[in-house]
2 protein chains.
Amino acid sequence: MYQDQQPGDDRHERQPTIVDVANRAGVAIGTVSRHLNGQSVRMSNRDQIERAIAELGYRRNSTAVAMKTDTSHIVGFMVPSLGEFHAGILEQLTRKMRLNGRAVLSFCHDMKPHLVREGLEFFASHRVDAVVMDGEDVVRADLLPYIEKGLVVALYDNDVEGIPVDRVFVDNRRASARAVDHLIDLGHRRVATIRGNERDYAARERLAGFRQACDARGVVVPPEYVVHGNWGEIGGYFGIRALMELAEPPTAIFSANYNMTIGALTWAQENGVVLPRDLSLVSFDDVPAFKLHNPGITAVEQPIERLADTLSSVLDARLADPAVMGRREIKVECNIILRGSTGPVQQ
Amino acid sequence: MYQDQQPGDDRHERQPTIVDVANRAGVAIGTVSRHLNGQSVRMSNRDQIERAIAELGYRRNSTAVAMKTDTSHIVGFMVPSLGEFHAGILEQLTRKMRLNGRAVLSFCHDMKPHLVREGLEFFASHRVDAVVMDGEDVVRADLLPYIEKGLVVALYDNDVEGIPVDRVFVDNRRASARAVDHLIDLGHRRVATIRGNERDYAARERLAGFRQACDARGVVVPPEYVVHGNWGEIGGYFGIRALMELAEPPTAIFSANYNMTIGALTWAQENGVVLPRDLSLVSFDDVPAFKLHNPGITAVEQPIERLADTLSSVLDARLADPAVMGRREIKVECNIILRGSTGPVQQ
DNA sequence: GTGAAAGCGCTAACAG
DNA sequence: CTGTTAGCGCTTTCAC
């Protein structure tokens, strides 16, 4: 049934182990292990070991290490999907983690509860050192038991309240307020927003920022100036339409994310609304397409690299000593990139 | 120095193991293991085991399994960076792999040889089932030893010739030829290209497609109509400039990737070149920004989902039986998305 | 079917 | 410093 095990067979010939190295170097495996882990070893032995390793082509079996030490040097990354923002975070996270010898295992849950469970289960059973995730609402119920079992998790982008984890967010509220301030500075008084899904923390914060800026400057916002875009492109498309078909349409719009902005732009283009003459538009999230667009889109830029940096240092600290410090919540600031889509109010 | 180990301490209380389950269920660990692996077990035992698992909150330790079986159910994914294309592949790959209980571990090598070595080393030592990677030229030298040691790898996007691995590409040549055909159909005779880095297989193929289409239609391509864009945005920017400042500038350009197209578009915008009146432009790679651009950019769409699908079935087959089948090279077709950036030649 | 037992490759005591 | 040894949690013989 099975092929004969010819010597020199194409199948894996057993990889050399620490035992082989020890034998060849004429020392005990303990010594090899110590050397491998950077502890000091008599110099002559060190050379012997190095030599044996090179000759054998020995490569440490990290699964064995993981099993023994209960740390895998892998961190899990769980997101709904890998659009520009999350992909950017993943890329930077990968870079940062690599400095501590860790790699990132990714999982997309597509907003489906059974998939978040499956992913969490995978992570936990593979003993990832930690998991970083977008705090979608769908994860709340499932997350808690893992955390109680000792899983280290860090949330970003979105919050799930009431669970004891570290958090790294952008200062959604402040950045939104500043973006809206910019609109008001330009003389706009009829300013509207296309908002994200209300069950998301980020959406609530961005809306709060919008309101805060308007209130502070005495700009009143009629209820019909707040439309739901539900984070998506079509939401943006119909959102702007609802706004522009009002008897008294806004002269400026704050769109709470990239996708909705794309939708809004599409509608504007189709309907001959020219920016910034007929309408000023500012978007949360900056993406390459906005720079290229004519006119360029004024946008709130999330500092992806800093987010990933922060995430990774929070995790490093937490992993170095899981118990010592209280839960942290860090907010990082955004930049506002001024481009041509916003201009003085006309009239 | 250390905290007292209070019972109920916040630190990990030892997770239940298969032994605990066996004890609680009153069977031997072998029986539990068999049940866990889907082999048949006496029904009464099955129930006992299930029960014990539930009560204990037992979770299989995949690192132990990995060590024992020498398969981790993890596949490595190595790319230079996570731009739109690679991120898309990763996302789909994640989805596909999940169906077979695998997850994807990613690593960005930033085109630095020492990082590709580090990544490969990480993958190998963690005993990934396979690695899928963009066949960048930088990996060639390092890859071979791993393959000889039995590492399963699949290449996509770009080739590294002369190594025994599976390959999944887009039909770069054919797709390019079709895109250029479209230009010629529109009456263009002065057609130029901004090409990618010549050490890359994809760049060579796309150029070959360009040439092939021109030759077939009797369109002669003067040497100065082939400019090097080196895959990047600035390459595209200066590439189009070189072309348009020619005494006899082209009336149509085929840009060999997304980044160079962005650069070209930027220059065109800055210099009052309006598409498609003054110039027709077709790009390899389709990205969201192209749909939004005014006019929309005619582009070759790489079928990301199909690529990932194919990659994952090739790997499934290979992993099911590493020896049985010869190396495979699969080419998948692209779609050409016609938009407003290409039009009949003017004059 | 099942239980007992032998490891997988490694780390971390432990005694020297 | 070093060698020896006891496991980590699991799969997989091997008898029964």
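None of the values given here were measured: they were computed from a predicted structure. Here the residue numbering is sequential within each chain, running from 1 through the sequence in written order. Chains carry letters from A onward and ligands carry numbers from 1 onward, assigned in written order. Where local features are concerned, this predicted model is filtered to residues with pLDDT of at least 70; where side-chain atom pairs are given and counted, the filter is 80 or more; whole-chain, interface and lining totals use all residues. With hydrogens and water excluded, all non-hydrogen atoms of the structure serve as input to the side-chain values.

Asks: Explanation requested: the protein's contact with DNA strand D in the structure shown.
Replies: Nearness is defined per residue: one heavy atom within 4 Å of the molecule or strand is enough. Taken together, 25 residues form the shell around DNA strand D, and within it Thr31, Asn45 and Lys68 of chain A together with Ile18 and Tyr58 of chain B come nearest. Considering the 4 Å shell around the protein, atoms of DNA strand D inside it are sugar or phosphate in 60% of instances. Contact distances for DNA strand D include 3.4 Å between a base oxygen and a side-chain N or O atom of arginine 34 of chain A. At 3.1 Å, a backbone N or O of asparagine 61 of chain B approaches a phosphate oxygen of DNA strand D. The set of elements that each furnish at least two residues to the surface near DNA strand D consists of α2 (29–36) and α4 (62–69) of chain A together with α2 (29–36) and α4 (62–69) of chain B. Tallied by class, the residues present in the surface near DNA strand D amount to 10 nonpolar, 10 polar and five charged. Throughout this description, a polar contact denotes any pair of N or O atoms lying within 3.5 Å of each other; where both atoms belong to protein, one of them has to be capable of donating a hydrogen while the other can accept it, and for residues adjacent in sequence the pair is counted only when both atoms sit in side chains. Every helix listed is a DSSP run of H or I at least four residues long, and every strand listed is a run of E at least two residues long, numbered separately from the N terminus. Put simply, Ala, Val, Leu, Ile, Met, Phe, Trp, Tyr, Cys and Pro go in the nonpolar bin, Asp, Glu, Lys and Arg in the charged bin, and everything else, Gly too, in the polar bin.

Asks: What exactly am I supposed to notice about the nonpolar core here?
Replies: When a protein is soluble and globular, its nonpolar side chains tend to lie buried together. Phe77 of chain A together with Phe77 of chain B are the most contacted members of the largest nonpolar core, which has 88 residues in total. In what follows, residue pairs with any heavy atoms lying within 4.5 Å of each other are defined as contacts. When near neighbours in sequence (up to four residues on either side) are disregarded, phenylalanine 77 of chain A contacts Leu82, His86, Ile89, Leu90, Leu93, Val104, Leu105, Ser106, Phe107, Phe123, Val132 and Tyr156 of chain A. Remark: nonpolar core denotes a set of buried residues (Ala, Val, Leu, Ile, Met, Phe, Trp, Tyr, Cys) joined through side-chain atoms within 4.5 Å. Only protein chains enter the calculation, and the probe is 1.4 Å; a residue is then buried if its accessible area is under 20% of its type maximum, exposed if over 50%, and partly exposed in between. Of all hydrophobic cores here, the second largest spans 58 residues; its members include Ile194 of chain A together with Leu243, Tyr258 and Met260 of chain B.

Asks: Hey, could you run me through the sheet that holds strand β11 (residues 329–332) of chain A in this one?
Replies: By definition, the strands of a sheet pair up through backbone hydrogen bonds, in either a parallel or an antiparallel sense. Pairing between strands is defined by DSSP: at least two bridges between them are needed. Here 12 strands make up an open sheet; going across it, the order is β11(A)-β5(A)-β4(A)-β3(A)-β1(A)-β2(A)-β2(B)-β1(B)-β3(B)-β4(B)-β5(B)-β11(B) and the pairing mixed. Edge positions in the sheet fall to β11 of chain A together with β11 (329–332) of chain B, since each has one partner strand and no second. Mean inter-strand twist for the sheet, computed between neighbouring axes without regard to direction, equals 20 degrees. The sheet contact formed by strand β1 (residues 74–79) of chain A and strand β2 (residues 103–108) of chain A spans six bridges and is parallel. Lines fitted to C-alpha atoms define the axes here, with helix axes fitted over just the stretch in contact, and angles between the N-to-C directions of these axes take values from 0 to 180 degrees.

Asks: How do you make sense of the sheet that holds strand β6 (residues 191–195) of chain A when you look at a structure like this?
Replies: Residues and elements named next belong to chain A. Pairing is mixed across the open sheet formed by six strands, whose spatial order is β7-β6-β8-β9-β10-β12. Both edges of this open sheet fall to β7 (226–228) and β12 (335–337), since each of them pairs with a single strand only. Between one strand axis and the next, the sheet turns through 20 degrees on average, direction left out of account. Note: β6 against β7, three bridges, orientation parallel. The residue bridging isoleucine 194 from the neighbouring strand is valine 227, located in β7. Together, β6, β7, β8 (252–255) and β9 (280–284) form the strand contacts of helix α9 (residues 201–216), whose direction differs from that of β6 by roughly 175 degrees.

Asks: Can you help me understand the protein's contact with DNA strand C in this one?
Replies: Surrounding DNA strand C, one finds 24 residues, the nearest of these being Ile18 and Tyr58 of chain A together with Thr31, Asn45 and Lys68 of chain B. When atoms of DNA strand C within 4 Å of the protein are sorted by moiety, sugar and phosphate together comprise 62%. In the model, a phosphate oxygen of DNA strand C is placed 3.2 Å from a nitrogen or oxygen of the asparagine 61 of chain A main chain. At a separation of 3.4 Å, a base oxygen of DNA strand C approaches a polar side-chain atom of lysine 68 of chain A. At the level of secondary structure, the elements contributing two or more residues to the surface near DNA strand C comprise α2 and α4 of chain A together with α2 and α4 of chain B. Its residues assigned to classes, the surface near DNA strand C comprises nine nonpolar, nine polar and six charged.

Asks: What is the right way to read the packing of aromatic side chains from this model?
Replies: For any pair of aromatic rings, geometry is given as the distance between the ring centres together with the angle between the planes. Any pair of Phe, Tyr and Trp rings, taking the six-membered ring for Trp, is counted once the centres come within 6.5 Å. Such a pair is stacked with planes under 30 degrees apart, edge-to-face with planes over 60 apart, and tilted for the rest. Within this structure, the stated rule accounts for 14 aromatic pairs over all chains. Relative to tyrosine 156 of chain A, the ring of phenylalanine 85 of chain A lies with its centre 6.2 Å away and its plane at 45 degrees, an arrangement referred to as tilted. Of this pair, phenylalanine 85 of chain A sits in helix α5 (residues 84–98) while tyrosine 156 of chain A sits in strand β4 (residues 153–156), and the two are 71 residues apart along the sequence. Residue classification places tyrosine 156 of chain A among the buried positions, given a relative accessible area of 1%. Between the aromatic rings of phenylalanine 169 of chain B and tyrosine 201 of chain B, the centroid separation amounts to 5.0 Å while the plane-to-plane angle is 40 degrees, which identifies the pairing as tilted. In this pair, phenylalanine 169 of chain B sits in strand β5 (residues 166–170) while tyrosine 201 of chain B sits in helix α9 (residues 201–216), placing the two residues 32 residues apart along the sequence. Grouping residues by exposure puts phenylalanine 169 of chain B and tyrosine 201 of chain B together as buried. A network of ring pairs unites the aromatic residues Phe77, Phe85 and Tyr156 of chain A as a single cluster. Remark: a charge is flagged as sitting over a ring if the NZ atom of Lys or the CZ atom of Arg is within 6 Å of the ring centre and within 35 degrees of the ring normal. Over the aromatic face of phenylalanine 284 of chain A sits the side chain of arginine 206 of chain A, whose NZ or CZ is 3.7 Å from the ring centroid.

Asks: I'm lost on the packing of α2 of chain B against helix α3 (residues 43–56) of chain B in this one. Help?
Replies: In helix packing, the relevant descriptors are the interaxial angle and the interaxial distance, both defined with respect to the helix axes. Residue and element names in this part refer to chain B. Direction vectors running N to C along α2 and α3 enclose 85 degrees, while the axes themselves pass 11 Å from each other. Between α2 and α3, the interaxial angle falls into the category roughly perpendicular. Where α2 approaches α3, its residues Thr31, Val32, His35 and Leu36 are matched on the opposing element by Arg46, Ile49, Glu50 and Ile53. Of the residues in the contact of α2 with α3, the class split is four nonpolar, two polar and two charged. Angles are sorted into four bins: roughly parallel if under 35 degrees, roughly antiparallel if over 145, roughly perpendicular if 65 to 115, and oblique for all others.

Asks: Is there a simple way to think about the domain arrangement of chain A in this case?
Replies: A common way to express how large an interface is: the accessible area buried when the components associate. Domain boundaries in chain A define domain 1 (1–59), domain 2 (66–164) and domain 3 (172–302). Each domain's extent was defined by an automatic or database domain assignment. Each of domain 1 of chain A and domain 3 of chain A has a C-alpha centre, and the two are 62 Å apart.

Asks: When you look at the relation of the copies chain A and chain B in this model, what are you seeing that I'm missing?
Replies: Between the two chain copies there is a screw-like relation: a rotation about an axis and a shift along it. Here the copies are matched by least squares. The fit uses the C-alpha atoms of residues with pLDDT of at least 70 in both. For the pair chain A and chain B, the best superposition has an RMSD of 0.1 Å and corresponds to a rotation of 180 degrees with a translation of 0.1 Å parallel to the axis. Both chain copies can therefore be described as sitting about a two-fold axis. Both copies contact each other with a shared surface, as 98% of the interface residues of chain A are interface residues in chain B too.

Asks: Is there a simple way to explain unusual backbone geometry in this structure?
Replies: For residues other than glycine, phi is negative in most cases, and the peptide bonds are mostly trans. Geometrically, the link from leucine 275 of chain A to proline 276 of chain A is a cis peptide bond, its omega value of -5 degrees lying close to zero. As for its position among the elements, proline 276 of chain A is in the loop between α11 (258–270) and β9. A positive phi angle, close to 55 degrees, is found at arginine 127 of chain A, a residue other than glycine. By the secondary structure assignment, arginine 127 of chain A is in the loop between α6 (113–125) and β3 (130–134). For arginine 127 of chain A, a relative accessible area of 9% puts it in the buried group. For aspartate 70 of chain B, which is not glycine, the phi torsion reads 60 degrees and is therefore positive. Here aspartate 70 of chain B is to be found in the loop between α4 and β1 (74–79).

Asks: What's the story with the UniProt feature "domain: HTH lacI-type" (unreviewed entry) in chain A in this structure? I'm lost.
Replies: UniProt positions are given in the numbering used here, feature names are shortened, and annotations may be inferred rather than shown by experiment. With numbering matched to this structure, UniProt assigns "domain: HTH lacI-type" (unreviewed entry) to residues 16–69 of chain A. Between the first and last C-alpha atoms of residues 16–69 of chain A the distance is 21 Å; the span itself is 70% helix and 0% strand.

Asks: Help me understand the interface of chain A and chain B, please; the structure alone is not making it clear to me.
Replies: Taken residue by residue, the interface counts 60 residues in chain A and 60 residues in chain B. Taking both sides of the interface into account, the surface hidden between chain A and chain B amounts to around 5300 Å²; carbon and sulfur atoms contribute 55%. Note: buried area is the sum, over both parts, of the accessible area (probe 1.4 Å) each one loses when the two are combined. For chain A, the biggest contributors to the area lost against chain B are Arg59, Arg98 and Leu292 of chain A; these three give 15% of the whole. Every case where a carboxyl oxygen of Asp or Glu lies within 4 Å of a side-chain nitrogen of Lys or Arg is listed as a salt bridge. At the junction of chain A and chain B, the tally comes to eight salt bridges. For arginine 95 of chain A, the salt bridge is made with aspartate 110 of chain B, and the minimal N-O distance between the two is 2.4 Å. On inspection of chain A and its partner chain B, the count reaches 16 residue pairs in polar contact (both at pLDDT 80 or more). Residue assignment for the side of chain A that touches chain B shows that the elements contributing at least two residues are α4, α5, β2, α6, α11 and α12 (288–292) of chain A. Per-element accounting of the side of chain A that touches chain B gives the leading share, seven residues, to α5 of chain A. Here the side of chain A that touches chain B is built from residues that sort into 26 nonpolar, 19 polar and 15 charged. Relative to strand β2 (residues 103–108) of chain B, β2 of chain A runs antiparallel, the two sharing three bridges.

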